[in-house]
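Fold and contact review
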Amino acid sequence: MTAAIAPPPQPLRNTRVLSLALNLPGPAALMRCARLGAECTKLEPPPAPGHPSADPMGIYSPAAYATLHAGVRVVHAHLKTPEGQAALHEELARTDVLITSFRPSALTKLGLGWEALQSRYPRLSLVRIVGAAGARAEEPGHDLTYLADAGLVTGTDMPPTLYADMCGALMASEAVLQALLERSHTGAGVCIEVALADAATWLAQPRDWGLTTPNGDVGGQHAGYRIYPCADGRVAVAALEPHFAARLCAAAGLPATGDADVLRAPATHQAVAAFLQSQTRAQLDALAVAQDIPLHTLA
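A quick note: this is a predicted structure, and the numbers were derived from the prediction, not measured. Along each chain, numbering runs from 1 in the same order as the chain's sequence is written. It should be noted that, the model being predicted, local features are given only for residues of pLDDT at least 70 and side-chain atom pairs only at 80 or more, the latter also being counted only at that level, while totals for whole chains, interfaces and linings use all residues. For the side-chain quantities, the full set of heavy atoms in the structure was used; hydrogens and water were omitted.

1. Examining the overall build of the protein chain
Going along the chain from the N terminus, every DSSP run of H or I of four or more residues is numbered as a helix, and every run of E of two or more is numbered as a strand. Assigned secondary structure in the protein chain consists of 14 helices and 9 strands. We compute the radius of gyration over the C-alpha atoms and compare it with the globule rule, which gives 2.2 Å times the number of residues raised to the power 0.38. The C-alpha atoms of the protein chain give a radius of gyration of 25 Å, which is well past the 19 Å a tight globule of 299 residues would have. The dimensions of the protein chain, computed from C-alpha atoms along their principal axes, are 75 × 50 × 45 Å. When the accessible area of the protein chain is evaluated, it comes to approximately 15700 Å², of which 59% is carbon and sulfur surface. Residues scored as charged are limited to Lys and Arg (positive) and Asp and Glu (negative), so that His and the chain ends carry no count. In plain terms, the charge of a residue is placed at NZ if it is Lys, CZ if Arg, CG if Asp and CD if Glu. Between the averaged position of the 21 positive side-chain charges in the protein chain and that of its 26 negative side-chain charges there is a distance of 6 Å. The Shrake-Rupley method, run with a 1.4 Å probe sphere, supplies the accessible areas, and residue values consider only the shown protein chains as cover.

2. Digging into the packing of helix H1 (residues 25-35) against helix H8 (residues 163-186)
Look at H1 against H8: their axes get within 8 Å of each other, and the N-to-C directions meet at 50 degrees. Between H1 and H8, the interaxial angle falls into the category oblique. In this structure, the crossing between H1 and H8 has a hand that is right-handed. Residue-level contacts link Pro-25, Ala-28, Ala-29, Arg-32 and Cys-33 of H1 to Asp-165, Met-166, Ala-169, Leu-170, Ala-172, Ser-173 and Val-176 of H8. A per-class count over the contact of H1 with H8 returns 9 nonpolar, 1 polar and 2 charged. Between N-to-C directions, angles span 0 to 180 degrees; the directions come from axes that are lines fitted to C-alpha atoms, helices contributing only their stretch in contact. Oblique is the label for every angle not falling under 35 degrees (roughly parallel), over 145 degrees (roughly antiparallel), or within 65 to 115 degrees (roughly perpendicular). Two helices that cross are described as forming a left-handed crossing if the nearer one is turned anticlockwise from the farther one by less than a right angle, and a right-handed crossing if clockwise. Residue contacts are counted whenever heavy atoms from the two residues lie within 4.5 Å of one another. Here the term charged refers only to Asp, Glu, Lys and Arg, the term nonpolar to Ala, Val, Leu, Ile, Met, Phe, Trp, Tyr, Cys and Pro, and the term polar to all other amino acids, Gly among them.

3. Some details on the layout of surface pockets
There is about 620 Å³ of room inside the largest pocket. For the lining of the largest pocket, the secondary structure elements donating two or more residues are helix H2 (56-60), strand E5 (125-130) and helix H7 (143-149). The element contributing the most residues to the lining of the largest pocket is H7, with 3 residues. Among the residues forming the lining of the largest pocket, the class breakdown is 19 nonpolar, 6 polar and 4 charged. Here a cavity denotes grid points, spaced 1 Å and computed from the protein atoms alone, that fit a 1.4 Å probe unable to get out, and a pocket denotes an open set having protein on both sides within 12 Å along at least 5 of 7 lines; residues with an atom within 4 Å of a point are the lining. Grid points are joined across faces, edges and corners, and a volume is the space filled by probe spheres set on the points. One number sums up the size of the second largest pocket: a volume of about 520 Å³. Lining the second largest pocket are 14 residues; nearest its centre among them are Gly-151, Leu-152, Val-153, Thr-154 and Tyr-163. Sort the elements by how many residues they give to the lining of the second largest pocket and helix H9 (residues 196-208) lands first, with 3 residues. In the lining of the second largest pocket, the residues fall into 9 nonpolar, 3 polar and 2 charged.

4. Observations concerning the pattern of salt bridges
Here, a salt bridge means any Lys or Arg side-chain nitrogen found within 4 Å of an Asp or Glu carboxyl oxygen. Under the counting rule described, the total for this entry stands at 14 salt bridges. A salt bridge links Arg-16 to Glu-39; the shortest N-O distance between them is 3.4 Å. Of the two residues, Arg-16 sits in strand E1 (residues 16-19) while Glu-39 sits in strand E2 (residues 39-44), which places them 23 residues apart along the sequence. Relative accessibility thresholds used throughout: buried, under 20% of the residue-type maximum; exposed, over 50%; partly exposed, between the two (1.4 Å probe, protein chains only). On the accessibility criterion, Glu-39 (45% relative accessible area) is partly exposed. Here the residues in one salt-bridge network are Lys-42, Glu-44 and Asp-55, joined through shared partners.

5. What to know about the packing of H8 against H9
Packing of H8 against H9 brings their axes to within 8 Å, and their N-to-C directions diverge by 100 degrees. Of the possible angle classes, the one that applies to H8 and H9 is roughly perpendicular. Contact residues: H8 offers Tyr-163, Ala-164, Asp-165, Cys-167, Gly-168 and Met-171, while H9 offers Leu-196, Ala-199, Ala-200, Trp-202 and Leu-203. Along the lines of polarity and charge, the residues of the contact of H8 with H9 split into 9 nonpolar, 1 polar and 1 charged.

6. Re the nonpolar core
Nonpolar core, defined: a set of buried Ala, Val, Leu, Ile, Met, Phe, Trp, Tyr and Cys residues in which side-chain atoms within 4.5 Å join the residues together. Val-17, Cys-40, Ile-99, Val-127 and Val-176 are the most contacted members of the largest nonpolar core, which totals 37 residues. Elements with a minimum of two residues in this core: H1, helix H3 (62-68), strand E4 (97-100), E5, H7, H8, strand E6 (191-195) and H9. Each residue touching Cys-40, except ones within four places of it in the same chain, is listed here: Val-17, Leu-30, Cys-33, Ala-34, Gly-71, Val-72 and Arg-73. Listed in part, the 20 residues of the second largest apolar core include Ala-245, Ala-252, Leu-263 and Phe-275.

7. A word on the environment of Ala-133
Along the chain, Ala-133 falls in the loop between E5 and H7. Each C-alpha atom, one on Ala-133 and one on Ala-197, is 7.4 Å from the other, the two residues being 64 residues apart in sequence. Setting aside anything within four residues of it in sequence, one finds Ala-133 in contact with Glu-193, Ala-195 and Asp-198.

8. Here's the deal with helix H4 (residues 82-92)
Among all positions of H4, only Gly-84, Leu-88, His-89, Glu-91 and Leu-92 are buried. In a view along the axis of H4, the buried residues occupy a sector of 155 degrees, so they form one face of it. When the buried face of H4 is taken as reference, the exposed residues oriented beyond 90 degrees from it are Pro-82, Glu-83 and Glu-90. Of the surrounding secondary structure, the elements contacted by the buried residues of H4 are E1, E2, strand E3 (73-76), E4 and helix H6 (114-120). Directions pointing from the helix axis toward each C-beta atom define the arc.

Encoded structure:
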């Protein structure tokens, strides 16, 4: 009898997180915090007449906005007015961690520079999402420019997802945990800067190490780790470990070896490619189950 899987832990229970961040990274970080048990509030500017939200995501992708804000309390205030400032500080007085995505100069104009926050709310932490770190924090940019700067944009094809934004969101939710752990030791809040450019650089490290370049084993050099055409589509093969590679070789009519040098040889590439080209997706799906080979077929 299979044991029941326990629900995931809620390490942020009894913690209040307030976000002023719009678009994707901040709301995605807040979504992660909500899933970790935090009581999450999002403060947005009042929406324009006829619009559901002042957050651009709520306008151009209502479905994404709904997912990002599930379980999040959303309130509205104009931070450049006395009334809006009063509403903000009412929230801050009961907040453990504040998440922002403004440029540092904009935070200062709103009275939300770190020194001002720390003097008024000593136990409050600030997770400040910026485009690039340090002196570059005032530069404009978006996911695409950060990926390009990290060398992760090739040709003219658009990336299939928003890697820097989503990785930055994970780093920001991690920063919330870091801030709370640090406060548990010192009793004081901390300011942590999360740069989306650094998130892109983090994702680029396997490429920088040579793992995913054409000469790397997970970049195409190893015949067991590639994308191949098959008879009616494509197949992503990930038979990297010797025991998986040996089964792939045997299926392709080759000696059953997982030797890395053999798997890098042009003749092995040709034989594996020819075998996979002769197989339908259904045949390859069946092979994966029967021989325990990691592969995934694609149209």
